[in-house]
Amino acid sequence: MMTAVAAPLATFETGSGRLPPRARTSTDAAVVNLNGQWQFRWSPTAGQPAGFQNEGFDDSGWDEIAVPGHWQLQGYGAPAYTNVRYPFPVEPPFVADENPTGDYRRWFDLDRGFDEAVLRFDGVDSAFTVWCNGIELGWSTGSRLTSEFAVGGLLRPGRNLVAVRAHQWSSASYLEDQDMWWLSGIFRDVSLIERPAGGLGDVFVSADYDAETGAGTLTVRTDGAATLSCAELGLVSVPAGEAIPIPDVQPWTAETPRLYRLALASAGERTELRVGFRRISTEDGQFRVNGRPVLLRGVNRHEWHPERGRVMDAETMLADVRLMKQHNINAVRTSHYPPHPDFLELCDEYGLWVVLECDLETHGFEPNGWRNNPSDDPRWLPAYLDRIERTVERDKNHPSIIMWSLGNESGSGQNLAAMADWVHRRDPSRPVHYEGDQNSEYVDVYSRMYASHAEVEAIGKGLEPAAATEQADRHRRGLPFVQCEYAHAMGNGPGGLTEYQQLFENYPRLMGGFVWEWIDHGISQRTPEGTEYFGYGGDFGEELSDGNFVLDGLAFADRTPSPGLIELKKVFEPLRIGFSAEGIRIENHRDFAATDDLRWSWQVTDEGLPVSAGELDVPAIPAGASTLVGYPAAAPSESSGECWLTVRAELRSATGWAEAGHELGWAQHRLSAPTQPPAPVAGAVPVRRPELADFDPLTGRLLRLGDLALLGPRLDLWRAPTDNDRGEHGEPLEPVWRALGLHRMRHRTVAIEVEAQAITVRSRVAPASIDAGFAVCYRWTALPEAGLRLAVEVVPDGDWPVPLPRLGLLLRLPAAISTLEWFGCGPGEAYADSHAAVRIGRYRLGIDELQTPYAYPQENGNRRGVRWARLTDEHGDGLLVTAEPTIELTARRWTSNDLDAARHPTDLRPRDAVYLNLDFAQTGLGTASCGPGVLPEHQLLARPVSFAVCLVPVAG
């Protein structure tokens, strides 16, 4: 009778047969890449019989599957998303019988046998057993950690077989609850690596740097005898193991990622190392590198590809690094596990500070009051230590790593303290981070997530609440502070980035932070008609799901930058340009690099049209310094419009991450204000009619303006709630809005007053079921030549306890309207607390191009500071809107209620109209999807307001 074969699934052990963890290095020994197509059998439970690992087993009826790959994304089972909750009963260390299991087989050929070799798995989720030529090598857990098994004596010339059984669930799953899709299988590289006699074992590089002398100290420790050479450092066959003083080295920083190539050779093996000299310290409550304070402009990065999940390829990882550098990001927290090792190579090469996080999170115990949490259970201590040891040992030689993080959201307990103690002993050159240690008793930086602006300011001033004990409080107040997660980038937002950055820069104790997070985890899907969209939690039949909370990235799932990422680039700008009567002041906020890699250009525009441009002569500015330069003689001598000066900082030459001319910073300064109201846009003329307009005699609504049929403006207070409005883990506005009925307002005409040159319409706007409302007065007057001026007064009555979504006018225009041209802020969307990235100019986009395709539809596409806007059809006929002085504007082919009802962009169907919002204001965005809400200064409170617009029909 055949017996079951599998890794132990209900155990506190972490594996057996594995070799001790070691640094990942290159080698000149033979390496066989085992990626590719493997034979595969999937089972819904773990109880399949033994035998498949044997060489004579008939797998002709099995399928093929790609390795690396997740089986759920290749047709076996389904993806499932939860943020916190375990999708299985919480009964550690046990898991349910319903445990999907994948069996893998792969034949490979060798032209010779290996005396010694290791079989390396860079990532298998969540527990697996491995055999070679029918002999069991061992089993392992730690999904995003490397496992190596000795296999040399089993190999032979010719055909060889590797077999693997992987389980979706194991006791290790309790330690891997990391706010991501539950996806299984062999998802990282598999390789066979020869271990020659006299080969290199583990390698540990220390490359210290003394900023005062410019000297470096290089120490390379190995398991056996070896020599190192580096022509640039004048080293030739120097014995490894001893500290080597080097009088003059160029240090490694994220801005100047100087790497030295070292050759390390033993009797049987040779490797190349890329070494960066730098020193990390926490001094006087500041985080420093090479003696200088460093400000982290960071993001949290989950690994993600919309078709392959956590399977990373070189092109995708490089795309991430390039996009980060292009958007002024200088730091990455590898949430919440070690990434593919090649990503760290890119961080070394291109320059990114890295907080390297262990593969650990037990957040699912929180809904159960943290009962039985492994972090304080001594039975789990070996597993905790195993995970941090494998994390540190694999990646310890990367200069980009500046902190080790014990994990994420695992509560507190003795096992975490033991991890920190191990790291401090193994690698005292780097600080230890763990946000869950709120008293900072065993870590080296004080860390919080989603602290409000007020809390961050208090911490910056040293006024945070006291820690649990006097000793802990004294220790914590001497530590630098980092926001390991802030500004939750879910949907439209986040708002408040500018204010956070100002705090980070104002208080020396604050070392910056990491926006949550880098990318949406949308899974590519298609409608029956073939239209692509991105699926999220609940789209795959999960019985337990946290919905679209997995869509919380600065980049969309296809790596298109969101408006939030564009905003972040501006907020993170390391170059500041200011304007005063004395001249143009330029500040270099880089931590290390001067500005000699930049060129500076200027342009003057009149009503958004360029009139002059040139280069600005700016000397190289050292890091942390500033300079003052004169204005270019560029202002037009005669202009009745609005003139602006724009100064830009651009890369002088191409780099590995951006082309020459890539913009790193910019600022604008208004040279002159308009001296008369804006005229119709060039190329369009007013329509003159004896009967200029028609109004509905019952409601007073405008029905026609010249030849333009429309349904004229009336008060609108509703927007399709954003993820931040819904405030799943913050301060929600949307439930109160709905309770008040702002999505279903009704309009009652109180009076229509007709005068010789004016029509006044008075109305009351209110929702059903409550006695609060708004008194609205619309006063129409004819313009001298053509068109109408509309002055609006809005007075609230009753109790309006929360900020309003918006306050403005809604018009319905013909569906033939296809283009918007405007003068104001652009080109992208902007809101009260997220508008640093837009600049004053003249822009032209199609109505469909104005929409931001958030994977979960919500309010989007708002343009701020609009002076005038022209909406036209393909013939140039349409409507000119001018503001007094500015308005906010959105235009779309569906209503806000349509947008509110949609769950994917493919749910939105264009109506036979264009809906135009002309807003006095909208409330800000905040970051309440996880974090604080909208700051008071960006809230739209119910109060009396008045504003005016002019509507002019135009013909092309």
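Look up: the structure comes first, before these words.
The structure presented is a predicted model; accordingly, all values stated were derived computationally and were not measured.

Things to note about the overall build of the protein
The helix and strand inventory of the protein stands at 11 helices and 60 strands. Over its C-alpha trace the protein gives a radius of gyration of 31 Å, about what one expects of a compact globule, namely 30 Å for 956 residues. In terms of principal-axis extent, the alpha carbons of the protein reach across some 100 × 70 × 60 Å. Looking at the protein residue by residue over its 956 residues, the buried ones come to 61%. Pairs at least 24 apart in sequence give 74% of the contacts found in the protein among residues at least 6 apart.

Re the pairing of strand 40 (residues 626-629)
On strand 40, burial follows the alternation: Thr 627 and Val 629 on one face are buried, whereas Ser 626 and Leu 628 on the facing-out side are not. The sheet contact formed by strand 37 (residues 583-588) and strand 40 spans four bridges and is antiparallel. Across the sheet, residue Glu 587 finds its bridge partner in strand 40, namely Ser 626.

A few points about the nonpolar core
Formed by 114 residues in total, the largest nonpolar core has its most connected members in Leu 406, Val 515, Leu 568 and Trp 600. Non-local contacts of Trp 600, meaning those with residues more than four positions away in its chain, are made with Leu 575, Ile 577, Ile 586, Thr 595, Glu 615, Leu 616, Val 618, Arg 648 and Ala 649. Core analysis: the next-biggest nonpolar cluster, separate from the first, contains 58 residues, Leu 702, Leu 811, Leu 871 and Leu 889 among them.

Focus: the sheet that holds strand 42 (residues 663-672)
Across the sheet, four strands lie side by side as 39-38-41-42; this open sheet has antiparallel pairing. Pairing within the sheet leaves two strands with one partner each, and these edge strands are strand 39 (609-616) and strand 42. Each strand axis lies, on average, 20° off the axis of its neighbour in the sheet, ignoring direction. Relative to strand 39, strand 38 (residues 598-606) is paired through seven bridges, and the arrangement is antiparallel. For Thr 605, the partnering residue across the bridge sits in strand 39 and is Pro 610.

Some remarks on the sheet that holds strand 45 (residues 702-705)
Hydrogen bonding along the main chain pairs the strands of a sheet, whether they run parallel or antiparallel. With respect to topology, three strands assemble into an open sheet ordered 44-45-46, the strand pairing being antiparallel. Strand pairing shows two members of the sheet lacking a second neighbour, strand 44 (693-695) and strand 46 (708-709), which therefore form its edges. Bridge count between strand 45 and strand 46: two bridges; the pairing is antiparallel. Counterpart to Leu 705 in the pairing with strand 46 is Leu 708.

Here's the deal with the side chain of Glu 517
Mapped onto the fold, Glu 517 is located in the loop between strand 33 (510-515) and strand 34 (523-526). Despite its burial, Glu 517 pairs with no opposite charge, the nearest such side chain being Arg 301 at 8.3 Å. Apart from the residues lying within four places of it in its own chain, the contact partners of Glu 517 are Asn 300, His 302, Ala 489, Asp 552, Gly 553 and Leu 554.

Describing empty space enclosed by the protein
According to the stated counting rule, one finds six cavities of 30 Å³ or more in the structure shown. Its volume calculated, the largest cavity comes out at about 130 Å³. Lining the largest cavity we find 13 residues, and of these Pro 21, Arg 22, Thr 146, Ser 147 and Glu 148 sit closest to its centre. Its residues assigned to classes, the lining of the largest cavity comprises three nonpolar, two polar and eight charged. The space that makes up the second largest cavity amounts to roughly 80 Å³. Every residue lining the second largest cavity is counted, 15 residues in all, and those nearest its centre are Gly 491, Asp 520, Leu 551, Phe 556 and Tyr 854. The class makeup of the residues in the lining of the second largest cavity is six nonpolar, seven polar and two charged.

Scoring rules and cut-offs
Residues numbered from 1 in each chain as written. Predicted model: local features only at pLDDT ≥ 70, side-chain atom pairs only at ≥ 80, totals over all residues. Heavy atoms only, no water. Helix = DSSP H or I, 4+ residues; strand = E, 2+ residues; numbered from the N terminus. Rg over C-alpha atoms; globule rule 2.2 N^0.38 Å. Buried < 20%, exposed > 50% of the residue type's maximum accessible area, 1.4 Å probe, protein only. Contact = heavy atoms within 4.5 Å. Pairing = 2+ DSSP bridges. Core = buried A, V, L, I, M, F, W, Y, C linked by side-chain atoms within 4.5 Å. Axes fitted to C-alpha atoms, helices over the stretch in contact; angles between N-to-C directions. Lys, Arg positive; Asp, Glu negative; His and termini not counted. Salt bridge = Lys/Arg side-chain N within 4 Å of Asp/Glu carboxyl O. 1 Å grid on protein atoms, 1.4 Å probe; cavity = no way out; pocket = protein on both sides within 12 Å on 5 of 7 lines; lining within 4 Å. Points joined across faces, edges and corners; volume = space filled by probe spheres on them. Nonpolar A, V, L, I, M, F, W, Y, C, P; charged D, E, K, R; others polar.

Function cannot be read off these values alone, since they describe shape.
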